[in-house]
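# Architecture and fold: a report
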Amino acid sequence: MHYLPLLLALGLLVALHELGHLVAARLFGIRVTRYTLGFGPAVFTWRLRGTDYVLGAVPLGGSARIHGMNPHELGLDPSDPTSFSAQRPWKRMLVLLAGPLANWLFALGILFALYTSGTHVVVPLTVGTITPGSEAARAQILPGDRIVAVDGKPLESWAEFVELIAQSPGRELKLGVERGSEPREVTVRPRPDERGEGRIGVSQQYVYRVHGPGQALLQALAHSGNLVTEGTKMLGRMLQGRQGLVPTNPVGVVKQSSDAAGSGLGAFLRVVVSLSVALAFFHLLPLPSLDGGRMLFVLVETVSRRKVPARVETFVHAVGFLALLAVVLTVAFADLRQHLRRADTPGQDANANVSPAPPMQDGGVPLHSTTPHPTATAPDAGTPKQPTAATPVPNTPDGGQALMADELGP
């Protein structure tokens, strides 16, 4: 496990988020009374342009205290031009948006650096490795085959293929396969994994490639966009009851991310990208106590042309924060119980060739968006996949799946 680097990275991402709020507030002339890096007793403090910058004893996370954001702040003058509450709605909206924007721009910068320095890019809908004895092996699927359809339905992405297989444990499926220029059809019956999701024992193929600056920027934009898309789909499935909370809870996400972070610098940076985008996505949700919830109040004020009473807004944020905390603790406790139950039940190998449950897909948010990377806990084969340098790869953006291909294996 590599929890310490992961926790440090997450703490710095939170500090970066708060720094985004600080910079935007200062640009609009709003006073920021205090910015703290970390928590606990202050180790070092210095004052610059009216703001106290504090280094906490534990350098994890951060916070920015913006003057007037708390409507019950002592001595707050509603007419103070340096107060957050005295600003026009569009200015307050931009200050709230600046935190998630900082996280997204940081992720975009890392992706751009990875693509320009060289990284692994997926070969769309192409099989890379096959687990011996799996359903794919029995169906005589070979590395280099393109999976183009499932039960006659054309596929648009590997992630769609993964989802269709996961939803069909024990059900016979007909796969449309292209081998070179020869189309063929094979039949598979996905085996259920430990979560009951279907697996056939294949992983996607990828190749190593260096991108020029323009192409790298397009790839980075597509990649980050795909993380958001996958996070949105996952949230939709959770709201529809098609996916439980436990597989995407903080304990599972941290464990998967921690395992992946030990696979090298590139894998660790991919984890950081996923966490940064997930943090931005999470804070934009229109929930009380989050940036998205505060933005919703500003939007209501803009439409109604009346400010929401301070007591009402404070009450809603307080209740919302407690509800979010309760949900996080509930799903974390449920996952802990599940792990303890598995530990007490020896020999769960009725399906010896069934691959372990995969990590969350590209946007596995934690909002996670999610955490994709080549790692020894590869989603299906259970072994790290080797890139196939001989396979050509198109010059078009890969839909955001590059750098994360080996996670998407049914």
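All figures in this text were calculated on a predicted structure; none of them were measured in a lab.

Looking now at the overall build of the protein. A count of helical and extended segments in the protein gives nine helices and 10 strands. Per-residue burial for the protein yields a buried fraction of 46% across its 410 residues. If you sum the accessible surface of the protein, you get close to 19,700 Å²; carbon and sulfur atoms cover 64% of it.

Here the focus is the confidence of the model for the protein. Should the pLDDT be low somewhere, the predicted coordinates at that spot are not to be read in detail. In the predicted model, the protein carries a mean pLDDT of 77, and the fraction of residues at 70 or more is 74%. Mean pLDDT values for the elements of the protein range from 51 in helix H6 (residues 250–261) up to 94 in helix H2 (residues 89–117). Considering only residues more than four positions removed or in separate chains, one finds that residues 244–252, a stretch of pLDDT under 50, has 22 contacts. Across residues 346–408 the pLDDT falls below 50, and counting only partners more than four positions away or on other chains, this stretch makes 209 contacts in the model.

Let us look at the packing of aromatic side chains. Throughout the structure, instances matching the rule amount to five aromatic pairs. Between Phe28 and Trp90, the aromatic rings sit 5.7 Å apart at their centres with planes inclined by 90°, giving edge-to-face as the arrangement. Of this pair, Phe28 sits in the loop between helix H1 (3–27) and strand E1 (32–48) while Trp90 sits in helix H2, placing them 62 residues apart in sequence. Of the aromatic side chains, those joined through ring pairs into one cluster are Tyr35, Phe44, Trp46 and Tyr53.

Attention shifts here to the environment of Leu221. Relative to the elements of secondary structure, Leu221 occurs in helix H5 (residues 213–239). Remark: the alpha-carbon pair of Leu221 and Leu108, spanning 113 residues in sequence, is separated by 6.9 Å. For Leu221, the residues in contact, after removing those within four places along its chain, are Trp104 and Leu108.

With that settled, the discussion passes to the pattern of salt bridges. Taken as a whole and judged by the stated rule, the model has 12 salt bridges. In this structure, the salt-bridge partner of Arg146 is Glu178, at a minimum N-O distance of 3.2 Å. Residue Arg146 is located in strand E4 (residues 146–150), and its partner Glu178 is located in strand E6 (residues 173–179); the two are separated by 32 residues in the primary sequence. Judged by its relative accessible area of 30%, Glu178 falls in the partly exposed class. Ionic pairing is found between Lys153 and Glu160, a salt bridge with its closest N-O pair at 3.3 Å. Judged by its relative accessible area of 42%, Lys153 falls in the partly exposed class.

Below, the discussion takes up the packing of H2 against helix H8 (residues 291–304). Running from N to C, H2 and H8 cross one another at 165°; their axes reach a closest spacing of 10 Å. It follows from the interaxial angle that H2 and H8 lie roughly antiparallel. Relative to H8, the crossing made by H2 is left-handed. In this structure, H2 uses Pro89, Arg92, Met93, Leu96, Leu97 and Pro100 to contact H8, whose residues at the interface are Asp291, Arg294, Met295, Val298, Leu299, Glu301 and Thr302. Residue classes in the contact of H2 with H8 are distributed as eight nonpolar, one polar and four charged.

Right, let's get into the nonpolar core. Residues Ile141, Trp158, Phe161, Leu175 and Val202 are the most contacted members of the largest nonpolar core, which totals 21 residues. For this core, the secondary-structure elements that each account for two or more residues are strand E3 (119–130), E4, helix H4 (158–166), E6 and strand E7 (182–188). Excluding anything up to four places from it in sequence, Leu175 contacts Ile141, Ala149, Val150, Phe161, Ile165, Arg184, Glu185, Val186, Val188 and Ile200. With 19 residues, the next largest nonpolar core counts Ala107, Ile110, Leu227 and Leu275 among its residues.

Turning our eyes to something else, we now look at the packing of H2 against helix H7 (residues 265–284). Packed helix pairs are specified by the crossing angle of their axes together with the interaxial distance, meaning the distance between the axes. Look at H2 against H7: their axes get within 8 Å of each other, and the N-to-C directions meet at 160°. When the axis of H2 is compared with that of H7, the two are roughly antiparallel. Seen from above, H2 lies across H7 with left-handed handedness. Between H2 and H7, the contacting residues are Leu97, Pro100, Asn103, Trp104, Phe106, Ala107, Ile110, Leu111 and Leu114 on the first element and Leu269, Arg270, Val272, Val273, Ser276, Val277, Leu279, Ala280, His283 and Leu284 on the second. In terms of residue class, the contact of H2 with H7 is built from 15 nonpolar, three polar and one charged.

Considering the arrangement of structural elements, one finds His317 in helix H9 (residues 310–343). At 2.9 Å, the side chain of His317 and the backbone nitrogen of Ser289 are in polar contact. With residues near it in sequence (within four places) discarded, His317 still touches Pro288, Ser289, Gly293, Arg294 and Phe297.

The next thing to look at is H7. Structurally, the α-helix is built with 3.6 residues per turn, so residues lying three or four positions apart point the same way. End to end, H7 covers 29 Å across 20 residues, agreeing with the expected 28 Å (1.5 Å per residue, within 8%). Counting buried positions over the 20 residues of H7 gives 15, a clear majority of the element.

Time to look at a nonpolar patch on the surface. Taken together, the side chains of Trp90, Leu94, Leu97, Leu101, Leu105 and Leu284 make up a nonpolar region of the molecular surface, amounting to roughly 530 Å² of accessible area. For the nonpolar patch, the element with the most residues is H2, which contributes five residues. The topology assignment puts Leu105 in helix H2. Given the relative accessible area of 46%, Leu105 is considered partly exposed.

Turning to its location among the elements, Asp193 is positioned in the loop between strand E8 (191–192) and strand E9 (198–199). Among the polar contacts listed, one links the side chain of Asp193 to the side chain of Arg199, at a separation of 3.5 Å.

Definitions and cut-offs
Residues numbered from 1 in each chain as written. Predicted model: local features only at pLDDT ≥ 70, side-chain atom pairs only at ≥ 80, totals over all residues. Heavy atoms only, no water. Helix = DSSP H or I, 4+ residues; strand = E, 2+ residues; numbered from the N terminus. Buried < 20%, exposed > 50% of the residue type's maximum accessible area, 1.4 Å probe, protein only. Areas by Shrake-Rupley, 256 points an atom, 1.4 Å probe, with all protein chains shown as cover. pLDDT = per-residue confidence, 0-100. Contact = heavy atoms within 4.5 Å. Phe/Tyr/Trp six-rings, centres within 6.5 Å; stacked < 30°, edge-to-face > 60°. Salt bridge = Lys/Arg side-chain N within 4 Å of Asp/Glu carboxyl O. Axes fitted to C-alpha atoms, helices over the stretch in contact; angles between N-to-C directions. Parallel < 35°, antiparallel > 145°, perpendicular 65-115°, else oblique. Left-handed = near helix turned anticlockwise from the far one by under 90°. Nonpolar A, V, L, I, M, F, W, Y, C, P; charged D, E, K, R; others polar. Core = buried A, V, L, I, M, F, W, Y, C linked by side-chain atoms within 4.5 Å. Polar contact = N/O pair within 3.5 Å; in protein donor to acceptor, adjacent residues only side chain to side chain. Expected span 1.5 Å × (residues − 1). Patch = residues over 30% accessible without salt bridge, like charges linked within 9 Å, V, L, I, M, F, W, Y side chains within 5 Å.

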